[in-house]
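A closer look at the structure
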There are 2 protein chains.
Amino acid sequence: MLNERIRNSELLEKVMTAEEAINFIQDGMVIGTSGFTPSGYPKVVPLTLADKVKKTGEKMRLTLYSGASLGPEVDGAWAEAGIIAKRLPYQTNASLRNEINAGNVEYIDMHLSHSTQYLNYGVLPKVDVAIVEALAITEEGHIIPTTAIGNAPAFIKSADKVIVEINTSKPMKLEGMADIYTTEKPPYRKPIPITHPKDRIGTPYIECGLGKIIAIVKTDMKDKARPLTPTDEVSKMISDNILKFFRKEVKEGRLPKNLLPLQSGVGSVANAVLYGLCDSEFEGLTCYTEVVQDSMLELLRRGKADLISTTSISASPEGFEKFLEEIDFFKDKIILRPQEISNNPEIARRLGIIAMNTALEVDIYGNVNSTHVMGSKMMNGIGGSGDFARNGYITIFTTASTAKNGDISSIVPMVSHVDHTEHDVMVIVTEQGVADLRGLSPKERALAIINNCVHPDYRPMLLDYYNRSIESGAKHTPHILDEALSWHSRFQKNGTMKLKK
Amino acid sequence: MLNERIRNSELLEKVMTAEEAINFIQDGMVIGTSGFTPSGYPKVVPLTLADKVKKTGEKMRLTLYSGASLGPEVDGAWAEAGIIAKRLPYQTNASLRNEINAGNVEYIDMHLSHSTQYLNYGVLPKVDVAIVEALAITEEGHIIPTTAIGNAPAFIKSADKVIVEINTSKPMKLEGMADIYTTEKPPYRKPIPITHPKDRIGTPYIECGLGKIIAIVKTDMKDKARPLTPTDEVSKMISDNILKFFRKEVKEGRLPKNLLPLQSGVGSVANAVLYGLCDSEFEGLTCYTEVVQDSMLELLRRGKADLISTTSISASPEGFEKFLEEIDFFKDKIILRPQEISNNPEIARRLGIIAMNTALEVDIYGNVNSTHVMGSKMMNGIGGSGDFARNGYITIFTTASTAKNGDISSIVPMVSHVDHTEHDVMVIVTEQGVADLRGLSPKERALAIINNCVHPDYRPMLLDYYNRSIESGAKHTPHILDEALSWHSRFQKNGTMKLKK
């Protein structure tokens with residue numbers, strides 16, 4: 001078994017305990033980890049470090065790079081131990097979020113496809129130690145990744161020292177799903193030769209080499225996967241509205257019958273949409289995305305989709321067990337790519353991706369806030385939504401029309417933060433309906449959104465704002481600046497965006 | 001001469017006056033014109049139509065598509081005649097701007113690279129009549145374009161009827177500069193085979209065919225080119241700051257000695273930067289851009305640049321005359337591409353473009369407003385800035401630190417409209433200095449901008465806002481929502497953003 005996982009006997013000398021391995025990590029370092037969403041990230045080494053720092057109280061402030069969000073063994077434990085000074089490019093952990101919003105962690109909320117090239121370009125400080133989860137290490141010292149690729153290739157390339165966590169909870173049958181291809185820096189960059197999600201263009205391992213590997217730690221800890229949440233009524237209505245929209249697009253000849261490659265964010269709405277496709281008439285689908293959740297696996301299982309290209313498999317605990325049981329079925333239907341490739345604007349534009357992502361709030365002119373609660377407080381981050389939304393064929397943002405039991409309207413006069421501008425956002429979908437903003441002027445967009453997407457409790461208020469804005473000044477994108485953010489202020493003061501009776 | 005310009009004798013029957021040609025244009029139609037910036041657009045036909053409508057008062061409301069801005073013979077004359085019901089994707093004309101802000105024209109301010117594909121995808125209504133300026137028509141009925149390509153290939157493809165203006169003020173020696181390549185729709189789109197700005201991948205003509213050409217009108221009207229404005233002190237300081245930034249990037253190994261392909265917006269700052277490069281030590285430069293002004297021609301003339309890829313040559317009147325005199329020198333050093341290719345995200349990312357564009361205002365967290373004065377009033381439009389900025393290697397936005405004789409600070413607590421988000425904007429340059437925002441958290445960005453870019457008159461006020469924001473709530477992107485837009489409101493009320501003494 002050790003022969004299968006560590007294929008060069010020289011490397012056996014590097015096998016050690018997590019307690020020994022963490023001695024390579026020192027205060028002030030830049031650490032880069034494998035992992036993308038709670039999948040394929042190192043667990044025992046980070047957790048051991050956090051325990052030690054908590055116990056000894058030693059000074060340990062690190063910069064942490066990852067692919068996207070990590071499990072609680074890193075983001076949670078490190079935030080709680082006060083280890084993280086700087087963090088990029090994405091996170092979803094409650095403890096870390098609190099530290100960010102308390103001002104204790106400098107968080108750089110980046111387009112996921114930018115993170116690799118910022119590092120390659122020398123804009124970000126290089127990685128001191130990379131910690132990566134692996135299925136195995138090849139005879140040449142290359143890394144066979146597990147269930148997520150993320151930025152691991154770039155971090156390993158950048159680092160002088162690599163700590164490998166061999167995770168025996170993940171079976172060797174996963175070997176071969178990875179397709180590792182990285183790009184040159186300009187001016188030497190070549191076209192990425194993908195013209196279909198199914199195209200394999202790289203190697204099944206991440207280049208590393210024997211010399212960089214300083215420690216190998218064995219573990220059988222499982223990913224702390226997110227539980228599957230049942231589909232709620234509102235998500236189901238949003239899903240129905242998206243399917244209606246797809247049918248219309250196919251009917252009017254703007255989409256082929258089998259649609260175009262799907263990208264989907266995560267969460268209950270995303271799951272509902274994909275389950276909706278499972279139960280629909282659509283067939284021959286493909287996915288070119290960054291995360292595969294249970295619902296996307298179901299598309300393959302039901303024969304609705306032929307193939308998924310992604311950088312991470314991030315199913316629920318029970319969904320992942322089922323996936324492993326059926327690994328022979330899934331193995332040649334899923335390709336795991338570095339996020340530099342899965343999220344690449346070149347490919348998003350070429351393949352004509354249908355990008356479906358979640359908005360925190362939307363304004364009447366179609367600007368989308370995906371990240372900041374009331375303008376200042378970080379929720380998770382932009383993640384890959386911008387990579388896909390900026391360059392896809394159709395850019396859809398979904399949101400329930402209200403939040404906080406109706407006290408927040410997800411559609412406001414002006415968003416308190418912009419992650420996706422009016423120029424990029426094409427379609428807004430709520431449980432109320434669909435606003436197709438493509439080819440509309442700002443005023444046409446406002447009416448489409450107010451009439452189709454806003455909750456009835458807020459519709460008259462928004463229409464009133466819009467009408468008074470038209471009377472108040474320049475009529476291209478009418479606004480009353482003194483009032484534009486007043487809905488947010490009112491919520492902060494009164495706990496509701498509604499007007500007092 | 002007619003043989004050289006109209007190379008198929010059958011077409012001679014289609015030669016007519018502008019007065020006759022305009023009979024093909026009817027109320028309610030969608031018109032698509034050649035032209036990009038005041039270059040290569042049709043003149044005599046649109047002007048004749050405007051004159052007729054003004055004289056007869058007949059109802060004529062058209063949708064007008066173009067590549068980018070057009071000369072006053074179209075945007076100006078048509079706006080004044082009340083002809084334009086809807087306009088996209090860009091404009092710069094004062095009369096049209098007034099109509100847009102008065103609410104009389106629905107204006108769709110689009111990413112220029114989106115306009116072609118919106119049309120090809122069937123999202124925008126098809127073109128009824130295309131009006132295109134040409135050097136000549138080939139024997140097969142294909143169009144040899146003049147000094148701008150823009151969206152002409154897409155409009156000709158979409159239209160059933162094409163009116164050609166043969167412009168004899170433009171010499172036949174321009175033939176051969178165009179390189180026309182268009183993409184398939186997904187899922188059939190292939191990699192665009194450009195790996196260097198110099199790569200020619202298409203044909204020197206725009207495909208049209210004899211059957212579509214319904215009218216040929218001869219004219220010798222010159223483009224109403226923009227006059228060259230002398231470099232002012234502030235623009236010169238901005239230029240110096242950008243050159244300093246380039247030197248630092250080269251020194252630190254983040255840019256090659258000859259930089260990477262340059263994209264530059266238009267205007268006095270852009271000209272100053274390029275003239276600055278003319279006088280600098282930099283050599284072997286290339287440009288991959290959308291517009292060539294006098295200063296970029298000078299880069300070629302001085303031997304500083306080897307080659308320019310663009311979609312438009314838009315020099316000043318005297319600059320254009322000089323260009324024509326030296327056409328033998330310039331001819332193989334400039335490639336004119338459709339804007340679908342010149343502005344393509346795939347190429348911007350691959351080549352690693354240095355994108356330099358102008359901001360109207362910037363906020364302390366690095367969000368950029370390029371389009372809307374005080375949140376509502378359209379200035380020009382986003383143009384190609386988003387195409388380049390979203391996917392380039394380095395995204396630079398420039399602005400003078402103040403406007404309106406110091407009564408407006410170009411750097412504000414929160415921009416009143418977002419065209420380029422904090423995730424996309426990398427470097428801000430004013431005459432005060434440079435803020436390199438790459439790899440910084442929001443709070444680090446705020447201090448970099450306040451300390452380096454803000455005018456001293458406004459620096460204490462912004463620092464005060466920032467410090468009070470940190471105290472007031474969530475500390476990721478600190479804001480006081482009640483105050484965030486108060487600088488704009490104050491300007492609207494008092495005519496200045498400054499506080500009263």
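Residues numbered from 1 in each chain as written. Chains lettered and ligands numbered in written order. Predicted model: local features only at pLDDT ≥ 70, side-chain atom pairs only at ≥ 80, totals over all residues. Heavy atoms only, no water.

Attention now goes to the UniProt feature "domain: Acetyl-CoA hydrolase/transferase C-terminal" (unreviewed entry) in chain A. The positions UniProt marks with the feature "domain: Acetyl-CoA hydrolase/transferase C-terminal" (unreviewed entry) are residues 319–465 of chain A. For residues 319–465 of chain A, helix accounts for 31% and strand for 23%, while the C-alpha atoms at its two ends are 46 Å apart. (UniProt positions renumbered as here; feature names shortened; annotations may be inferred. Helix = DSSP H or I, 4+ residues; strand = E, 2+ residues; numbered from the N terminus.)

When chain A is fitted to chain B, the best match, at an RMSD of 0.0 Å, comes from turning it 180 degrees and sliding it 0.0 Å along the axis. On the angle and the small slide along the axis, the relation comes out as a two-fold axis. Looking at the rotation axis and the C-alpha trace of chain A, the residue lying nearest is A:Glu346, at 2.1 Å. Here 100% of the interface residues in chain A have copies in chain B that are interface residues too; the copies meet face to matching face. (Least-squares fit on C-alpha atoms with pLDDT ≥ 70 in both. Contact = heavy atoms within 4.5 Å.)

Another point: the nonpolar core. One finds A:Phe246, A:Phe323, B:Phe246 and B:Phe323 to be the most contacted residues of the largest nonpolar core, which totals 160 residues. When residues no more than four places from it in sequence are discounted, the contact partners of B:Phe323 are B:Leu174, B:Met177, B:Leu297, B:Arg301, B:Ile313, B:Phe330 and B:Ile334. Grouped together as the second largest cluster of nonpolar side chains are 75 residues, A:Ala359, A:Ile428, B:Val415 and B:Ile450 included. (Core = buried A, V, L, I, M, F, W, Y, C linked by side-chain atoms within 4.5 Å. Buried < 20%, exposed > 50% of the residue type's maximum accessible area, 1.4 Å probe, protein only.)

Attention now moves to the interface of chain A and chain B. Contacts between chain A and chain B engage 78 residues on the former and 78 residues on the latter. Between the two partners, chain A and chain B, sit 10 salt bridges. Ionic pairing is found between B:Glu346 and A:Arg350, a salt bridge with its closest N-O pair at 3.1 Å. Counting only elements with at least two residues in the side of chain A that touches chain B, the list comes to α5 (94–101), β4 (106–107), α6 (112–120), α14 (345–351), β18 (377–378), α16 (442–452), α18 (481–484) and α19 (486–494) of chain A. In terms of residues, the side of chain A that touches chain B owes the most to one element, α14(A), which gives five residues. Per-class residue counts for the side of chain A that touches chain B are 29 nonpolar, 29 polar and 20 charged. (Salt bridge = Lys/Arg side-chain N within 4 Å of Asp/Glu carboxyl O. Nonpolar A, V, L, I, M, F, W, Y, C, P; charged D, E, K, R; others polar.)

In this section: the sheet that holds strand β8 (residues 161–167) of chain A. All names here are of chain A. Spatial strand order, β4-β3-β2-β1-β5-β8-β9: seven strands in an open sheet with parallel pairing. The open sheet is flanked by β4 and β9 (213–219), the only strands paired with a single partner. Summarising the sheet, strand β5 (residues 129–134) and β8 pair through six bridges and their orientation is parallel. Counterpart to Ala134 in the pairing with β8 is Ile166. (Pairing = 2+ DSSP bridges.)

All names here are of chain A. A large share of strand β19 (residues 394–398) lies buried, amounting to five of its five residues. In terms of strand pairing, strand β14 (residues 354–358) meets β19 through five bridges, oriented parallel. Counterpart to Asn357 in the pairing with β19 is Phe397. In this structure, β19 lies alongside strand β23 (residues 427–429), joined through three bridges in parallel fashion. Within β23, the residue paired with Phe397 across the bridge is Ile428.

Time to look at the side chain of A:His420. As for its placement among the helices and strands, A:His420 is situated in the loop between β22 (411–412) and β23. For A:His420, a relative accessible area of 1% puts it in the buried group.

Residues and elements named next belong to chain B. Helix length check: helix α8 (residues 233–251) (19 residues) gives 27 Å between terminal C-alpha atoms against 27 Å at 1.5 Å per residue, within 8%. Regarding α8, the residues found buried are Ser235, Ile238, Ser239, Asn241, Ile242, Leu243, Phe245, Phe246 and Glu249. Against the buried residues of α8 lie β10 (262–264), α9 (268–278), β14 (354–358), β19 (394–398), β23 (427–429) and β24 (434–436). The N-terminus of α8 is capped by Asp232, whose side-chain oxygen sits 3.3 Å from the backbone nitrogen of Val234. Two residues or fewer after α8 comes Gly253, characterised by a positive phi angle close to 80 degrees. (Expected span 1.5 Å × (residues − 1). Polar contact = N/O pair within 3.5 Å; in protein donor to acceptor, adjacent residues only side chain to side chain.)

What follows concerns the packing of helix α10 (residues 294–301) of chain B against helix α11 (residues 317–325) of chain B. Residues and elements named next belong to chain B. Orientation of α10 relative to α11, taken along the N-to-C sense of each, is 30 degrees, at an axis distance of 10 Å. Taken together, the axis directions place α10 and α11 in an arrangement best described as roughly parallel. When the axes of α10 and α11 are compared, the crossing they make is left-handed. Residues Asp294, Leu297 and Arg301 of α10 touch α11, and the partners they reach there are Gly319, Lys322 and Phe323. Partitioned by chemical class, the residues of the contact of α10 with α11 number two nonpolar, one polar and three charged. (Axes fitted to C-alpha atoms, helices over the stretch in contact; angles between N-to-C directions. Parallel < 35°, antiparallel > 145°, perpendicular 65-115°, else oblique. Left-handed = near helix turned anticlockwise from the far one by under 90°.)

As a further point, take the packing of aromatic side chains. Between two aromatic rings, the relevant description is the distance of the centres plus the angle of the planes. Under the criterion given, the structure shown has 16 aromatic pairs over all chains. Seen in terms of ring centroids, A:Tyr458 and A:Trp487 are 5.8 Å apart; in terms of plane orientation they differ by 35 degrees. Their pairing is tilted. With A:Tyr458 in the loop between α16 and α17 (459–472) and A:Trp487 in helix α19, this residue pair connects regions lying 29 residues apart in the sequence. For the pair formed by A:Tyr458 and A:Trp487, the shared burial category is buried. One aromatic cluster in this structure is built from A:Phe320, A:Phe323, A:Phe329 and A:Phe330. Across from the ring centre of A:Tyr41, 4.1 Å away, lies the NZ or CZ of A:Lys43, which sits over that ring. Here the basic side chain of B:Lys333 rests over the ring of B:Phe329, its NZ or CZ set 4.0 Å away from the ring centre. (Phe/Tyr/Trp six-rings, centres within 6.5 Å; stacked < 30°, edge-to-face > 60°. Lys NZ or Arg CZ within 6 Å of the ring centre and 35° of its normal.)

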